[in-house]
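Take a look at the letters that make up each chain.
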Amino acid sequence: MKQLTLVLVTLIGVLLLQAAMDLPDWSDPASPASLHLSSHYLEKGLEETGVPNIVTAVLADYRSYDTLFETVVILAAGLIVLTILRRTLRRRPKAVRPRPQRESQDIILQGAARLLVPAIQVFALYVVAHGHYSPGGGFQGGVIFGTSFILLALCYDLRVVLARFREKTVLFCCAAGVLLYAGVGALCMALGWNFLGYAALAGMLGSTEVMARSHGILAVEIGVGITVMAIMVSLYIDLASGGDLDEGL
Amino acid sequence: MDELLPFIVAKYNYWAALILLLIGLYGMIAKNNLMKKVIGMTIFQTAIILFYISVGEKKGASIPIILEGHGVASSTAPVIEAVAYANPLPHVLMLTAIVVGVGTLGVALALLQKIHRVHGSIEEDDILEDLRNRPE
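**Q** Would you explain the overall build of chain B in this entry?
**A** For chain B, the helix and strand inventory stands at 5 helices and 0 strands. For chain B, the sequential pattern of α-helices and β-strands runs α-α-α-α-α. In summary, chain B has a C-alpha radius of gyration of 23 Å against a globular reference of 14 Å for 136 residues, an excess of more than 25%. Expressed along its principal axes, the backbone C-alpha trace of chain B runs to roughly 80 × 45 × 15 Å. Within chain B, buried positions represent 36% of all 136 residues. Within chain B, contacts between residues at least 6 apart in sequence are counted, and of these 56% link residues at least 24 apart. Of the roughly 7600 Å² of accessible surface on chain B, a fraction of 68% belongs to carbon and sulfur atoms.

**Q** Please explain the interface of chain A and chain B as it appears in this structure.
**A** By a widely used convention, the size of an interface equals the accessible area lost when the partners come together. Contacts between the two partners involve 56 residues from chain A and, on the opposite side, 53 residues from chain B. Here chain A packs against chain B, burying approximately 5000 Å² in sum over the two surfaces, 75% of which is carbon and sulfur. Sorting the residues of chain A by area buried against chain B places A:W26, A:L42 and A:I84 first, and these three jointly supply 15% of that buried surface. Where chain A touches chain B, the interface holds 1 salt bridge. Here chain A and chain B share 16 residue pairs in polar contact (both at pLDDT 80 or more) between them. Contributing elements (two or more residues each) for the side of chain A that touches chain B: α1 (2–20), α2 (37–49), α3 (54–62), α4 (64–85), α6 (138–155) and α10 (209–241) of chain A. If one sorts the elements of the side of chain A that touches chain B by residue count, α1(A) sits on top with 10 residues. Of the residues in the side of chain A that touches chain B, the class split is 36 nonpolar, 11 polar and 9 charged.

**Q** Sorry, what's going on with the nonpolar core here?
**A** Note that soluble globular proteins tend to have their nonpolar side chains buried in a common cluster. Counting residues in hydrophobic clusters, the biggest one holds 71 residues, and the most contacted among them are A:F139 and A:Y198. In terms of residue count, the dominant contributor to this core is α10(A) (15 residues). Those residues in contact with A:Y198, other than ones at most four positions away along the chain, are A:A60, A:D61, A:S64, A:Y181, A:V184, A:C188, A:A212, A:R213, A:G216, A:I217 and A:V220. A:L17, B:F7, B:L21 and B:L25 belong to the second-largest nonpolar core, a separate cluster that totals 8 residues.

**Q** What is the right way to read empty space enclosed by the protein from this model?
**A** To find leftover empty space, a probe the size of one water molecule is rolled over the atoms. Taken as a whole and judged by the stated rule, the model has 1 cavity of 30 Å³ or more. Taken as a whole, the largest cavity encloses approximately 60 Å³ of empty space. Lining the largest cavity, in full, are A:P24, A:D25, A:W26, A:S27, A:D28, A:S31, B:N13, B:Y14, B:S54, B:V55 and B:E57. For the lining of the largest cavity, the secondary-structure elements that each account for two or more residues are α2 (12–30) and α3 (34–55) of chain B. Along the lines of polarity and charge, the residues of the lining of the largest cavity split into 4 nonpolar, 4 polar and 3 charged.

**Q** Teacher, can you tell me more about the environment of A:V9 here?
**A** Looking at where A:V9 falls in the secondary structure, it is placed in helix α1. Other than its neighbours up to four places away in sequence, A:V9 contacts B:L22, B:L25 and B:Y26.

**Q** Whenever I open this one, the packing of aromatic side chains confuses me. Can you help?
**A** The geometry of two aromatic rings is summed up by the distance between their centres and the angle between their planes. Residues and elements named next belong to chain A. One pass over the full model with this rule turns up 8 aromatic pairs over all chains. Residues Y41 and Y62 carry aromatic rings whose centres are separated by 4.7 Å and whose planes lie at 40 degrees to one another, so their mutual orientation is tilted. Here Y41 is found in helix α2, whereas its partner Y62 is found in helix α3, with 21 residues between them in sequence. The exposure class of Y62 is partly exposed, given its relative accessible area of 24%. Centre to centre, the rings of Y65 and F195 are 5.6 Å apart; their planes meet at 70 degrees, and the pair counts as edge-to-face. Of this pair, Y65 sits in helix α4 while F195 sits in the loop between α8 (167–190) and α9 (202–205), placing them 130 residues apart in sequence. Taking the relative accessible area as the measure of exposure, Y65 reaches 46% and is therefore partly exposed. Among the aromatic residues, ring-to-ring pairing joins F145, F149 and F165 into one connected group.

Conventions used here
Residues numbered from 1 in each chain as written. Chains lettered and ligands numbered in written order. Predicted model: local features only at pLDDT ≥ 70, side-chain atom pairs only at ≥ 80, totals over all residues. Heavy atoms only, no water. Helix = DSSP H or I, 4+ residues; strand = E, 2+ residues; numbered from the N terminus. Rg over C-alpha atoms; globule rule 2.2 N^0.38 Å. Buried < 20%, exposed > 50% of the residue type's maximum accessible area, 1.4 Å probe, protein only. Contact = heavy atoms within 4.5 Å. Areas by Shrake-Rupley, 256 points an atom, 1.4 Å probe, with all protein chains shown as cover. Buried area = accessible area lost by both parts, 1.4 Å probe. Salt bridge = Lys/Arg side-chain N within 4 Å of Asp/Glu carboxyl O. Polar contact = N/O pair within 3.5 Å; in protein donor to acceptor, adjacent residues only side chain to side chain. Nonpolar A, V, L, I, M, F, W, Y, C, P; charged D, E, K, R; others polar. Core = buried A, V, L, I, M, F, W, Y, C linked by side-chain atoms within 4.5 Å. 1 Å grid on protein atoms, 1.4 Å probe; cavity = no way out; pocket = protein on both sides within 12 Å on 5 of 7 lines; lining within 4 Å. Points joined across faces, edges and corners; volume = space filled by probe spheres on them. Phe/Tyr/Trp six-rings, centres within 6.5 Å; stacked < 30°, edge-to-face > 60°.

What follows is the structure, encoded as structure tokens:
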């Protein structure tokens, strides 16, 4: 079996190498991928959206449909994990885990977490808010915010996290982010433009269409950030406790 | 040989992505432990991400954040050269792909926990044996 796989994998490798012969050289500025649409994004992106970070502009404006449904995919993944792992109270075998003395009192870890968690959260908000001008945005900021809760759960206990950020709130945040994203899109449609055509918000915000697109991107990024953050926490609390939401790892 | 060496040097990003991809593929097919298969899948995803990012690279180019947007004073309208910035499109696609990769990884780990809960193992042989011995 192993030899057969090795032969198969080598065969695929040779085929792909054969295909790679025709691909452009590495970091060739004239490669086809860098010629058509991407040069429009780079040359006109700032002018059209007012966002210097072209990755953010493409992510949340030019390709915002894509990003909306990526966010929905993440939401679906979080809900699927919940559905797979959660046991109903009736079927849960009693005392499946012995309750050891889990009073972890590691003062260095807990002190470090106490110092780090607020800093991580402020940094996450900065990454979301500054995503227009520097590397960052909703996905990255959301993940960083989620890690602050995971750090808390690792250093203290899962119950400590759940006492501050109840599971119901987590799931509410998961849905609220997607709702914010889709809501901005629907608002644009209600104002007579296309779905997610942020320029529609210009009249409401009292600004130019370019600035409206910039602000629309920010609103959408916040929605993405909320969903990603909540899904990270939801994935962690379910996977770490096997769906039981007890003390965790 | 004279043709092979420039080919390797000029396209070594494809070699790197290809080797990672094959490691991941081999892991997914050959390994018996489901956890190792999941690790193979993650390596496979990483290879794809590396491939896309390397495609967006341009020689001498900066990251795709426009310098003129940062309050650099200019009396005339800024002329932005696309050659000076890396291709943003692969970055966007891979940014979402990474997060979706985390989502699929989470689903895979949840399935593994469920399988382990039902069959008591995540080795393929043990699961098959457990399924055979199970009363209908």
